[in-house]
Each structure stands twice: as C-alpha cells, then as structure tokens.
Amino acid sequence: MERKVTWETYDEGQMKELEALNREYRDFLDNGKTERECIDTIVNTIEAEGYRELESLIESGAKLQKGDKVYSVCMNKSIAMFQIGEKPLTDGMNILGAHIDSPRIDVKQNPLYEDSGLAYLDTHYYGGVKKYQWVAIPLAIHGVVVKKDGTIVELNVGENEDDPVFFVSDLLIHLAGEQLKKTAAQVIEGEALDLIAGSRPIRIDAGEKDEEGEEPDKKKAKEAVKAGILDILKENYEIEEEDFISAELEIVPAGKAREAGFDRSMILAYGQDDRVCAFTSMRAMLDVKETERTMCCILVDKEEIGSVGATGMHSRFFENAVAEVMNLNGEYSELNLRRCLAHSCMLSSDVSAGYDPSYASCFEKKNAAFLGNGMVFNKFTGSRGKSGSNDANAEYMAHLRKVMDEREIVWQTAELGKVDVGGGGTIAYILAEYGMNVIDSGVAVLNMHAPWEATSKADVYETYRGYMAFAEGAAL
Ligand code: MN
Ligand code: MN
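Described below are features of the structure shown in this document. (Residues numbered from 1 in each chain as written. Chains lettered and ligands numbered in written order. Predicted model: local features only at pLDDT ≥ 70, side-chain atom pairs only at ≥ 80, totals over all residues. Heavy atoms only, no water.)

**Comments concerning the coordination of the manganese ion (ligand 1)**
- At 2.1 to 2.5 Å from the manganese ion (ligand 1) lie its protein donor atoms, namely H99 (NE2), D273 (OD), D350 (OD) and D350 (OD).
- All donors of the manganese ion (ligand 1) belong to a single chain; written as a sequence motif, their spacing is H-x173-D-x76-D.
- Taken as a pair, the manganese ion (ligand 1) and the manganese ion (ligand 2) lie 3.2 Å from each other and share D273 as a ligand. On the criterion of sequence distance, the pair formed by H99 in strand β4 (residues 93-99) and D273 in helix α7 (residues 272-287) is long-range, its members being 174 residues apart.
- Residue class for H99 comes out buried when judged on its relative accessible area of 1%. (Donors = N, O, S within 2.8 Å, 3.2 Å for Na, K, Ca; no water. Helix = DSSP H or I, 4+ residues; strand = E, 2+ residues; numbered from the N terminus. Buried < 20%, exposed > 50% of the residue type's maximum accessible area, 1.4 Å probe, protein only.)

What follows is the structure in structure tokens.
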C-alpha cells in the first residue's frame, strides 16, 4: 500500500501553521509536566477561548444552547470539555480522548533520609519505565504538598536556569563489572532510584543555642544534612517533614522541550506520551467552529497505571459530566444518557510506537507507524492474541477513511510492534463499554516512555488536522 510523507504535501502557508502549532505545543509541554500542571494550563487556555465551568452553570441554573462551551474538572487531574452542537445530544457526540499522566518517579510518603553525608528522597516509580534511563540525568521536582489545614503548597524546582536540579546516582564504569552482567531490568533496582537532594550539613557550633536557648539536639547533629534540607523546606515552603505524608511530588526530567535534528523536524521532550494527543485534541476542540454533533474532549489521568481511581478513565466522572450537560440542555433522562453514549464516535488517542530502524526486528514494517507519515490509526492494540484490545469495527474504520480522505489528511495504520513481541493498552476499551464506536489513533513516537521522547512536527500538525476532520465530519 502507498505511504504518503506529510512533509511533501505542505505549501508555505501550511508550513507556517505547522511551526506555530509546534511552538505552542512545546510551551504546553513545558507548562504541564504533571497532570495538575496540565489541567491548569488547559483551563487557562480554554477559559480564554470562551469555555465556562459546568459546576458554576449548574449552580446558576443556566440553560445550554448550540455553540455553548463548557468544561468540568475532576480533582485537578482530569477534564471533560463540551461544545454543544446543532443536533440533540441523544444523537451522540464526537469524542476526542487522551491521557495526561506520564511515566515518572514519585516521591514516597516518608521519603527523607540521610546516608553517608548525602540526603535522599526515597521514591517509587510510576508507570512503565526502563529504570536505567533515569540515572545520572538532571531531574526536577514538581507537585503539591497539602498541609493539615488544607493549604496547598506548589513545588516546581529544577526548571529555571538558576534552579538547582536533582539526580539519581549510577555506579562508575570502573567498578561496574558485576553490575553490567545483570539484565537491563535489574541493572538499576527500583529501590536504588532514590533522589540525591543535598549534601551540606547544617553547622552546629560549640555552645550554640537555638531560639529557646537550648543546645541543638544530638539527633539533629547526627543527621545534619537531612536537618539542613528540612530547614530549607521550612524556610522556603513552610513545610515540615510530616507534610510529605500528604504530598504528591513527581520527579521528572529537568529542562524544556527542544527541537531536534539539523532540520528541526522533530520535538524531543518529556511526557509526549500522551500530551502530544492531549494538546492536539484540545487545540482541535478550540479551533472547530460550530458542529452538527456535540463535540467532546476528555483528558484523563492514571492511564499509565491502568486507568484506575477517581481521575482515571474507569471513573464515573465522565458519564456524570455528560448527564449534567444533558440536564442543562433539557435532554436528560437515564435512557437519553445511554443513547447519547451509545451513539457517540470516539478517537481514543494515544501515542504509537514509531518504527525504529535500530530495532527493526521488533517491528513488522508493513504494519508499523513511521515518523512523518501522518496521523496513526490502530484498529486494535493489546498483547499476544489482541488480549485487552478494543478492536474497532470495520464499518467505523471505513467511515473514518472516508472522513480523513475527504479532508486530505495524511494518515497511516499500524499496530504496536510484531505479533508476540509485546504490546500495550489504552483507554479505548473503557469507552467502548458504552457500545459506542471507538478506535485507537494518535502520533508515532520514538523512545516512548524514556525521559526524552521524540515526535515529528509534521505528525503533530497532521494529527491536529485529523482531529478537526473527525470533529466536523464523523457521524455513524
Ligand atoms: Mn499513552
Ligand atoms: Mn504510555
């Protein structure tokens, strides 16, 4: 089958659009390195473009009409956006869905300790990571510390040029003979991923007295580096050691998204799985003019650990938000809600494995996604015999071929690697439980789940165009 190369299809105007979209995309990545930061960025962006919070409309008893734009946020970690269409909601919506959590290293609840003159934060990694990729690189800490009185302290350390960064140590090559004999899965153990957070002991001079006129206690003197870190946390953030218990601190690669290649054709950045689809879905949502069918975009948390929890796709949050929207629209009944969901079409968007010539043996070239070959459709995902996959209906795939081709979208079909080599899942199967048409789609990525992942700028642009085409043209 013929493969198109996106780059060859663009005129000068489109190249300008492509660059502008990718600049905005890089800002989006830099401003949203955690789910919470993503939600803040998204809410700021969409409110500026006329979106109103669903909960405040419910309170004021407002009615929703064609063209109205509303959103609802769940626990600062997931969001549902709606743009009301011409047709009744009962006829179904066109839904764009993606996830905004990414693999990372989380700080444990009792994390701070000192060993041999170094202060550490103990950690527990989140999602699927090759642990050896996370050592000996500059890392930043992002997140929140919630104090007992409910005060939320936001942390973001390691991103500004004059911020300190953090790191996980690795054994020097000179002593690594035994280490290098281990398998890559064991070469860095999970418990060895602790973050080095300081090394300078607080000075306790002889005869020194504290504010109460007491001599500093012996324990403090024994763990003088840890004590120094606690002093800094107290001074800068007013947080105590116990406050780590109610904190969500995420350790992510420090630094901004970058253009990659002499030709600047790619983006190298942390967290593109799946913020590349979240960003393009949100942008498409904002740029679509009035549509016949109501358009919806859901950006959710916890995909990387099974879509669980109140903010994951398995939560009733989305269904509740649809019910509320239908209620404000005058359409709500239990049956109408079910009809709306069953009649909806969805693009469950997530990154796809980009074909990597260095690891060619893991791919089957005819059914692989290539960087620069446009938006990716995965009829199915899963492992082994398609286990755990939402295998989209052929009728739906045919409909989408038509929608995409009518708008001259460059797209490709792929599956995640060779049969029986591995596999993966997405949120697609969860929405499919409503009986709606769902297909996996998205953007090809190189080094998925690594601290720095790569995408093609052209694929980012083409996927955005594909989402617009879907929003305006899909109806099955
Ligand atoms: Mn993903
Ligand atoms: Mn992933």
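What follows picks up the thread again.
**Concerning the sheet that holds β4**
- Reading across the sheet, the nine strands line up as β1-β2-β3-β13-β4-β14-β20-β16-β18 and stay open at both edges, with mixed pairing between neighbours. One side of each edge strand has no neighbouring strand; the edge strands of this open sheet are β1 (52-53) and β18 (411-413).
- Where strand β3 (residues 78-83) and strand β13 (residues 294-300) come together, five bridges link them in antiparallel fashion. In the sheet register, M81 faces β13, and the bridge partner there is C297.
- In this fold helix α10 (residues 394-406) packs onto β14 (345-349), β16 (375-378), β18 and β20 (437-442), with an angle of close to 50° to the strand it touches most, β20. (Pairing = 2+ DSSP bridges. Contact = heavy atoms within 4.5 Å. Axes fitted to C-alpha atoms, helices over the stretch in contact; angles between N-to-C directions.)

**Thoughts on the packing of aromatic side chains**
- Evaluation of the coordinates by the stated rule reveals nine aromatic pairs.
- Where F28 meets F279, the ring centres are 5.3 Å apart and the plane angle is 50°; that geometry is what we call tilted. A residue pair is termed long-range when its members are at least 10 positions apart, and F28 in helix α1 (residues 12-31) and F279 in helix α7 qualify at 251 residues. One exposure class covers both F28 and F279, and it is buried.
- A network of ring pairs unites the aromatic residues Y10, Y461 and Y464 as a single cluster.
- Just above the ring of Y126 sits the side chain of R104; from NZ or CZ to the centre is 3.7 Å. (Phe/Tyr/Trp six-rings, centres within 6.5 Å; stacked < 30°, edge-to-face > 60°. Lys NZ or Arg CZ within 6 Å of the ring centre and 35° of its normal.)

**Things to note about the sheet that holds strand β11 (residues 258-260)**
- Ordered in space as β11-β12-β22, the three strands form an open sheet in which the pairing is antiparallel. Each edge of the sheet is formed by a strand with only one pairing partner; in this case those strands are β11 and β22 (453-456). Direction aside, neighbouring strands of the sheet carry axes that sit 35° apart on average.
- When strand β12 (residues 266-269) meets β22, the two strands line up antiparallel, connected through four bridges.

**Observations concerning the side chain of N390**
- You can see N390 is positioned in the loop between β17 (382-383) and α10.
- In this structure the side chain of N390 is engaged in a polar contact, spanning 2.9 Å, whose partner is the backbone oxygen of V438. (Polar contact = N/O pair within 3.5 Å; in protein donor to acceptor, adjacent residues only side chain to side chain.)

**Points about the nonpolar core**
- Core analysis: the largest hydrophobic core is formed by 58 residues, its most contacted members being I46, I79, M81, L347 and F470.
- If you tally residues by element for this core, the top one is helix α12 (residues 457-473), at nine residues.
- What L347 contacts, discounting residues up to four positions off in sequence, is I95, L96, G97, M375, F377, Y396, L400, I439, S441, Y467 and F470. (Core = buried A, V, L, I, M, F, W, Y, C linked by side-chain atoms within 4.5 Å.)

**Some thoughts on the packing of α10 against α12**
- Contact pair α10 / α12: the axes reach a minimum separation of 9 Å and the direction vectors enclose 110°. By the criterion of interaxial angle, the relationship of α10 to α12 is roughly perpendicular. The way α10 lies across α12 gives a crossing that is right-handed. In contact with Y396, H399, L400, V403 and M404 of α10, α12 contributes G466, A469, F470 and G473.
- Of the residues belonging to the contact of α10 with α12, the class tally is six nonpolar, three polar and no charged. (Parallel < 35°, antiparallel > 145°, perpendicular 65-115°, else oblique. Left-handed = near helix turned anticlockwise from the far one by under 90°. Nonpolar A, V, L, I, M, F, W, Y, C, P; charged D, E, K, R; others polar.)

**Let's talk about α1**
- A rise of 1.5 Å per residue sets the reference length of α1, with its 20 residues, at 28 Å; its end C-alpha atoms lie 29 Å apart and thus fit the reference within 8%.
- Those residues of α1 lying buried are Q14, L18, L21, N22, Y25, F28, L29 and D30.
- Where α1 is buried, its residues touch α2 (35-48), β12, α7, β22 and α12.
- At the N-terminal boundary of α1, the capping side chain belongs to D11, with an oxygen 3.1 Å from the backbone nitrogen of G13. (Expected span 1.5 Å × (residues − 1).)

**Here's the deal with the pattern of salt bridges**
- One pass over the full model with this rule turns up 31 salt bridges.
- One salt bridge in this structure joins E86 and K66, with 4.0 Å as the shortest N-O distance. With E86 in the loop between β3 and β4 and K66 in the loop between α3 (54-60) and β2 (69-74), this residue pair connects regions lying 20 residues apart in the sequence.
- According to the relative accessible area criterion, E86 is exposed, its value standing at 53%.
- The exposure class of K66 is partly exposed, given its relative accessible area of 45%.
- D106 is paired through a salt bridge with R104; the nearest N and O atoms lie 2.6 Å apart.
- It is possible to trace a salt-bridge network through shared partners that takes in E19, R26, E259, R264 and K457. (Salt bridge = Lys/Arg side-chain N within 4 Å of Asp/Glu carboxyl O.)

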